[in-house]
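# Descriptive analysis of the structure
This is what each chain is made of:
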Amino acid sequence: MTAEPSQNPRPAMLAPTVPDPFDQELCGLVLDTAPRLFAVVQVCGEGPADADGWVVAWGLVDRDGPTHVIGIDGRARMTLPSPDRALRHFAGRPGITARLVWLAQPGAAGLDRPEAA
């Protein structure tokens, strides 16, 4: 099968990638309102040489809203007033403490422009 020559006398040109001001505004809005993401980690052991830890849950918190936590096994799902309240649910056993580990705030956002569906 041979390809037919293009009927368009000009070759296709790629449009320059100039950010649209509205798209930039949307990305800024997303960054300004993004929830913070954290992990709930259980730790056992007395000192750094003896300690062990593992992730037991992930959580999202808005600036002015509730905290949503889900266990990594998917069975525990909670809506709590603050991230610190999640610690109570995962630190109940003797010799085990729970800690929050925060992921860094995102510094960039981009729009996904899917082709026509």
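Residues numbered from 1 in each chain as written. Predicted model: local features only at pLDDT ≥ 70, side-chain atom pairs only at ≥ 80, totals over all residues. Heavy atoms only, no water.

Time to look at the overall build of the chain. When its secondary structure is counted, the chain shows two helices and five strands. Buried positions account for 20% of the 117 residues belonging to the chain. Pairs at least 24 apart in sequence give 42% of the contacts found in the chain among residues at least 6 apart. Accessible area for the chain stands at about 9,400 Å²; split by element, carbon and sulfur atoms hold 57% of it. (Helix = DSSP H or I, 4+ residues; strand = E, 2+ residues; numbered from the N terminus. Buried < 20%, exposed > 50% of the residue type's maximum accessible area, 1.4 Å probe, protein only. Contact = heavy atoms within 4.5 Å. Areas by Shrake-Rupley, 256 points an atom, 1.4 Å probe, with all protein chains shown as cover.)

Next up on the list: the sheet that holds strand E4 (residues 77-80). The strand order across the open sheet formed by five strands is E4-E3-E2-E1-E5, and the pairing between neighbours is antiparallel. Bordering the open sheet on either side are E4 and strand E5 (96-102), each of which pairs with just one other strand. Across the sheet, the axes of successive neighbouring strands diverge by a mean angle of 25°, strand direction being ignored. (Pairing = 2+ DSSP bridges. Axes fitted to C-alpha atoms, helices over the stretch in contact; angles between N-to-C directions.)

Moving on, we come to the pattern of salt bridges. In this structure the tally under the stated criterion is one salt bridge. Across the pair Arg75 and Asp73 runs a salt bridge, and its minimum N-O distance is 3.5 Å. Under the relative-accessibility criterion, Arg75 is labelled exposed at 73%. (Salt bridge = Lys/Arg side-chain N within 4 Å of Asp/Glu carboxyl O.)

This paragraph deals with the packing of aromatic side chains. Taken as a whole and judged by the stated rule, the model has one aromatic pair. For the ring pair Phe38 and Trp102, a centre distance of 4.9 Å and an interplane angle of 50° mean the geometry is tilted. Linking Phe38 in strand E1 (residues 36-44) with Trp102 in strand E5, this pair joins segments that are 64 residues apart in sequence. (Phe/Tyr/Trp six-rings, centres within 6.5 Å; stacked < 30°, edge-to-face > 60°.)

Here we come to the side chain of Gln42. Of note, Gln42 is situated in strand E1. Relative accessible area serves as the criterion here: at 8%, Gln42 is assigned to the buried category. For Gln42, the side chain forms a polar contact with the side chain of Trp54, separated by 2.8 Å. A distance of 2.7 Å separates the side chain of Gln42 from the backbone oxygen of Phe90, its partner in a polar contact. Contacts of Gln42, omitting those with residues within four sequence positions, involve Asp52, Gly53, Trp54, Val56, Phe90, Arg93, Ile96, Thr97 and Ala98. (Polar contact = N/O pair within 3.5 Å; in protein donor to acceptor, adjacent residues only side chain to side chain.)

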